[in-house]
Each structure stands twice: as structure tokens, then as C-alpha cells.
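Each chain is listed here by its residues.
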Amino acid sequence: MNSNKKFKITVTIISLLALVSMLFKAIPVSRHFDSFYAEEVYRVTYKYFFKTNDGKTTIKTYLPKNSIRQRISSSVFEGSEDINFKKEGHHNNIKGIWSSSEENSFKNIDYSFIFEGKSKKMQVADHFGHPTDEYKLFLEETEHIQVNDTAIDRIANSLKEKAKNDRETIQLVFDFVYNIPAAPIITLTDALTALQQNRASCNGKSRLFVALVRNLGYPARMKGGIILEETNKRTSHVWAEININNKWVPFDPLNNHFAYLPANYLELYEGDEFLITYTSQINFDYIYEIEQVNHVPFLKAGSYRFSEIVPLSLLGLVENNIISGNALMLLLMLPIGGLLVAFLRNVAGLRTFGIFLPVLIAFSFLETGLGIGMLLFVFLILFVGIVSKQFSRLGLLHTPKLVISLSLMVLIIVLGSYLGMKTNMMWLTSLTFFPTIILTISAERFSTLIAEDGFQKATGTLLQTLLAVTLCYFLLASEWVSSVILLFPEFLLIIIAAAMLLGRYTGFRWTELIRFGPILNPKTV
């Protein structure tokens, strides 16, 4: 049997093994397919602790409900035996009510649920239509939102005079409130107090924002909930919504979210309300226990463990805390990114800093974002590469130069992060997300290329490496790709088969076709 036939049989066997295994596992996975595509999933538990008084004791709080951007499932109540629990509607919200008639006893309440959330980004038109009568209620003054106060009126009209259209008006009001210094004030702050004190937390800023836009004739309301993160916390959060052309558009003037709501915002109620109320003069304490849940965007979450659906998936390693999700994803994505870079080098004809280095660089960009990451990376590489070149002229050996490069890199990262903290330029603190060893190796490659091929050719290789990094970044940033690999790790067999086929490629590279195009396709006279 000749080598070509052995090669074809080997590639075929590897591919068939992978496809059969993936098909076998795809059947149970398809039964749990979900079109909601959650970006963030958390298990949230309200934990209330209190001592009843003489008479009936009642605890009330708002409970989440489903919407186009959040889904709630697996709600469970656990607590002391004699506590009664019920749900009731309250101004388009849902309230959970717990009550006990047992006197002078310690009680606890645990109410947990699974939250699946998606971010909400909305476009704001330049010109708004007139609000219909059903939204006139959201233009009125309330006790804590002083719409008609002279100070509110003066600020609102001064901002409107600078705007050319409705969108610019809202943007100016938003920027004005956002620029008010934030302060962790836990007591209720009304709109006027936030304006007068020129400092406020989320509730004061949101009330002021609502008061200003209502004064200008835009229907607005408060929204309340919790910003979910992997921690235990006591703080809730409020933001605002403006009704624009019959659609409620979110605005968070504390966290600078304009017409945008992040995926980890749990919505609990609408209106200017208190999240928790309880019988007066009782000992009461609480905490929100929040745990991030590993999930696959296209599978239903909350009612199962992935290992029960697909026993041979690698998600069991993450569920049982054997390895972190990020570490496992990097491990599995390295071969895929390596295949992409190998294709770009062998078929497209790009010159890059090795095979796997572009993949590692792209992985570090997941923390900073592609734009900022690219700028910081180029600056660091050029700076260290050029400085290292000066040390080469001193006749230093390779290993000491590597130590010098590493020291320079660490020094720049530390100084840049410190400068970012002092000047409030937070993008500079993104330097700390870069693994220094990756940057050092990249800088060393760049300085070596400068010495061997000249600055122009080295810069060309750097730019082509950045092109490969960009493609790898979008591959790594895809939740679909990483989720499929976690569910079907045998896909790596497909990567092996594809790499074998790529290893037999002997045709022209694309860059060569462009370079030698006039010779390959001569013009006839």
C-alpha cells in the first residue's frame, strides 16, 4: 500500500470517528436546544434573617419576571416551617410576601432562582414622536422626583438650548448627571438633593435624570434590580428608562450605560419603589448570594447538569471545579487557532511570530477588547523592540537581553497602570491584563527580526501577525465555538485531519499569486 493511500485512509478514519461520536452526542443535546441564547447565567438566592415581634410579622420584596432580555426559572422557597409565602401583583410588578404569626422567634428565608440574561442595546432616533396619553403618567412630579422645581427647570432648559434635536438633548442631560461625582450614599436621595449636593449614588442620579427629562416632556420612569456578579452582596441598583416612540429605552447614569443594559442586570421592579419592606421594629438582616452558572448559550440552563446530558463532555471538569472555564477554553482553542494561523502561513502566505504566539496574544485581548488591546500591544512591542535593539549593539548575549526585555516590559506595565490610576485613565490599567511572558517573547521576536531583516520588513511581519491575531480573536471570542468544543471535544480529531490535509498542500500561496500575477497571466498584445 503506497503512502498516498495510507494517508487518505488515515484521514478518513479520523474524520469518521469524530463525526460518528459527535452525531451520537448531538441527539441528546438537540432535546435541550434553546433559542433564548443567554449571555450570562446566575443562581440568585435572597437570604433573609429576622426575629418576629409580638403579632404578625411580614417581609415583602419584589420578585423577577420574564421579559425579552431575561428569563427566570427554578424558583425555590426554603425557610422556617411556620412561614407562609405567596405572590401577588403590584403595579405591573410581582411581590413575594412572607408572613409568620409566631412571636419572638428567629426565622430565616431562602428564595432562589436561576437568572438568564441578555444585554439590551437600543438605537436612539434623532427626533422623537409626541408621547401618547397612556404615558402622561410618567411626566408627573412625585415626592422624590421634583419635576417642576425651579432649579430642575433651569438646568433642564439650559441643556436643551445647546441641543439640535431630541437625541442630543437626552445625551446632554445624561452626560450632566453622569459627571456628578458618585458617592456610596445608602440613604434615599431625591432629585433635588442630588442636584444641590452635587454627589449621589445610583438612586439619586437616576431620580435626577428622570426629573430633568420629564421636565423637558419625555416620559421616564425608574427601574430597580441587582447587578449580578460572583459574590455575596447587600446592595441593589436602580437606573432609568425613557419612553421613546413607544419603547422603553434604558439609561444608567451611574455606570455610563446610554441606551444600553448589560446582560448581568437583574430587573426586579419598575417605578420609584423600595426593594424590601418589612414589619417595623423587628431585627432584620439580609444578603444576596450570587453564583455564576456555567452555561452553553444554545442550551436551556438551570434544570440539569451538562454531564447528565452529555456524559463525555468536558463541562463536567468545570462544573466540578477541576479546571477553570477560561483555562479549559484556552487549552482547547489553541489547536483551532494554531490551524487557522497555519492556514494563513502556508496557504495565504502571511508571515507571523510563530504558530501559537498569535493565538496567545489574541487570548490576552479578550480581557482588554480588540481595539485597546491592539494599540497597547503595538506600543509595547515597538517600544521594547526598539530599546532592545540598542542593547544588541553592546554585544550582549541572547539570554541577558531576554532578561532586560522582560524587566522593561514589567516596568512599563507597572508604571502605565499606576499612571492610569492616578489620572483616572482606566484604559491604561488594561496593561495588567497582558501576560508579560507573551509580550516579552513577541518583543524579542520583533527585535530579532529588526536585526536580521531590517525595520521595514520586521514591521511588515508585525502587521501580518496582528492580522492573524485579529482573526484568532474573533474565533476565541465566539461563545458558540468554545461551547461546541466543550460539548464535542472530539472535534479536535477534525482539526488533526484538517492539519494533515494542510500538511500536503503544495500549491501557490495567495500572496505569491498576487506578487507573480503579471507573470502567471501575461497580457496578450
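In this text the structure is predicted, and so the values were computed from the model without any measurement.

### Structural notes on the overall build of the protein chain
Item 1. Helix and strand counts for the protein chain stand at 17 helices and 16 strands.
Item 2. Counting the 525 residues in the protein chain, one finds 47% classified as buried.
Item 3. In the protein chain, of all internal contacts separated by at least 6 residues, the share reaching a separation of at least 24 is 76%.
Item 4. Here the protein chain contributes 49 positively and 45 negatively charged side chains, and the mean placements of these two sets differ by 12 Å.

### So, the sheet that holds strand β10 (residues 237–244)
Item 1. Pairing is antiparallel across the open sheet formed by five strands, whose spatial order is β12-β11-β10-β8-β14. Taken across any chain shown, the strands that pair with only one partner, and hence form the sheet edges, are β12 (257–258) and β14 (265–270).
Item 2. Two elements, strand β8 (residues 220–227) and β14, share five bridges in a ladder whose sense is antiparallel. Looking across to β14, one finds that Ile227 is bridged to Tyr265.

### Things to note about the environment of Gln292
Item 1. Secondary-structure assignment places Gln292 in strand β16 (residues 283–292).
Item 2. A relative accessible area of 38% places Gln292 in the partly exposed class.
Item 3. Linking Gln292 and Pro262, residues 30 residues apart in sequence, is a C-alpha distance of 15 Å.
Item 4. Beyond its immediate sequence surroundings of up to four residues, Gln292 is in contact with Glu40, Val41, Tyr42 and Glu230.
Item 5. A distance of 2.9 Å separates a polar atom in the side chain of Gln292 from a polar atom in the side chain of Glu40.

### Looking at the nonpolar core
Item 1. Ranked by internal contacts, the top residues of the largest apolar core, which has 66 residues, are Tyr46, Tyr48, Phe209 and Phe251.
Item 2. Here this core gets seven residues from one element, more than from any other, and that element is helix α5 (residues 202–215).
Item 3. Membership of the second largest hydrophobic core comes to 43 residues, among which are Val347, Leu370, Ile381 and Leu462.

### A few points about the layout of surface pockets
Item 1. Space inside the second largest pocket adds up to approximately 900 Å³.
Item 2. Taken together, 30 residues make up the lining of the second largest pocket; nearest its centre are Ile186, Asn203, Thr235, Ser236 and Tyr286.
Item 3. When contributions to the lining of the second largest pocket are tallied by element, the ones reaching two or more residues are α5, β8, β10, β15 (276–278) and β16.
Item 4. Ranked by residues supplied to the lining of the second largest pocket, first place goes to β16 with four residues.
Item 5. Classifying every residue of the lining of the second largest pocket by side-chain character gives 18 nonpolar, seven polar and five charged.

### Some thoughts on the side chain of Thr279
Item 1. Examined against the element boundaries, Thr279 turns out to sit in the loop between β15 and β16.
Item 2. At 2.8 Å, the side chain of Thr279 forms a polar contact with the backbone nitrogen of Thr58.

### Quick look at the pattern of salt bridges
Item 1. In this structure the tally under the stated criterion is 14 salt bridges.
Item 2. For Lys47, the salt bridge identified is with Asp110, shortest N-O distance 2.9 Å. Of this pair, Lys47 sits in strand β1 (residues 40–51) while Asp110 sits in strand β6 (residues 106–117), and the two are 63 residues apart along the sequence. Asp110 carries the same exposure label as Lys47, and that label is buried.
Item 3. The partner of Arg234 in a salt bridge is Asp285, and the shortest N-O contact between them spans 2.4 Å. On the criterion of sequence distance, the pair formed by Arg234 in the loop between β9 (231–233) and β10 and Asp285 in strand β16 is long-range, its members being 51 residues apart.
Item 4. Take Asp285: its relative accessible area is 38%, and that puts it in the partly exposed class.
Item 5. Ionic contacts of the salt-bridge type, sharing partners, join the residues Arg69, Arg221, Lys223, Glu241, Glu267 and Glu270 into one network.

### Some points on the packing of aromatic side chains
Item 1. Enumeration over the complete set of coordinates arrives at 27 aromatic pairs.
Item 2. An angle of 50 degrees between the planes, with centres 5.7 Å apart, marks the rings of Phe85 and Tyr111 as tilted. Here Phe85, found in strand β4 (residues 84–90), pairs with Tyr111, found in strand β6; they are 26 residues apart in sequence, far enough to count as distant.
Item 3. Overall, Phe85 belongs to the partly exposed group, its relative accessible area being 29%.
Item 4. On the basis of relative accessible area, Tyr111 is assigned to the buried category, the value being 3%.
Item 5. Between Phe128 and Tyr218, the aromatic rings sit 5.5 Å apart at their centres with planes inclined by 70 degrees, giving edge-to-face as the arrangement. Placement of the pair is Phe128 in the loop between β7 (120–121) and α2 (150–160) and Tyr218 in the loop between α5 and β8, with a sequence separation of 90 residues. One exposure class covers both Phe128 and Tyr218, and it is buried.
Item 6. Among the aromatic side chains, those forming a connected cluster through ring pairs are Tyr46, Tyr48, Phe77, Phe85, Trp98, Tyr111, Phe113, Tyr278, Phe284, Tyr286 and Tyr288.
Item 7. Positioned over the ring face of Trp248 is Arg221, at 3.9 Å from the centre of the ring.
Item 8. Sitting over the ring of Tyr286, Arg234 keeps its end group 4.4 Å from the ring centre.

### A word on the packing of α2 against helix α3 (residues 166–178)
Item 1. It is the contact of α2 with α3, at a shortest axis distance of 9 Å, that shows an interaxial angle of 130 degrees. In this view, α2 runs oblique relative to α3, as classed from their interaxial angle. As α2 packs across α3, the resulting crossing turns out to be right-handed. The residues of α3 that touch α2, namely those facing Ile155, Leu159 and Lys160, are Thr169, Leu172, Val173 and Phe176.
Item 2. The class makeup of the residues in the contact of α2 with α3 is five nonpolar, one polar and one charged.

The rules behind these values
Residues numbered from 1 in each chain as written. Predicted model: local features only at pLDDT ≥ 70, side-chain atom pairs only at ≥ 80, totals over all residues. Heavy atoms only, no water. Helix = DSSP H or I, 4+ residues; strand = E, 2+ residues; numbered from the N terminus. Buried < 20%, exposed > 50% of the residue type's maximum accessible area, 1.4 Å probe, protein only. Contact = heavy atoms within 4.5 Å. Lys, Arg positive; Asp, Glu negative; His and termini not counted. Charge placed at Lys NZ, Arg CZ, Asp CG, Glu CD. Pairing = 2+ DSSP bridges. Polar contact = N/O pair within 3.5 Å; in protein donor to acceptor, adjacent residues only side chain to side chain. Core = buried A, V, L, I, M, F, W, Y, C linked by side-chain atoms within 4.5 Å. 1 Å grid on protein atoms, 1.4 Å probe; cavity = no way out; pocket = protein on both sides within 12 Å on 5 of 7 lines; lining within 4 Å. Points joined across faces, edges and corners; volume = space filled by probe spheres on them. Nonpolar A, V, L, I, M, F, W, Y, C, P; charged D, E, K, R; others polar. Salt bridge = Lys/Arg side-chain N within 4 Å of Asp/Glu carboxyl O. Phe/Tyr/Trp six-rings, centres within 6.5 Å; stacked < 30°, edge-to-face > 60°. Lys NZ or Arg CZ within 6 Å of the ring centre and 35° of its normal. Axes fitted to C-alpha atoms, helices over the stretch in contact; angles between N-to-C directions. Parallel < 35°, antiparallel > 145°, perpendicular 65-115°, else oblique. Left-handed = near helix turned anticlockwise from the far one by under 90°.

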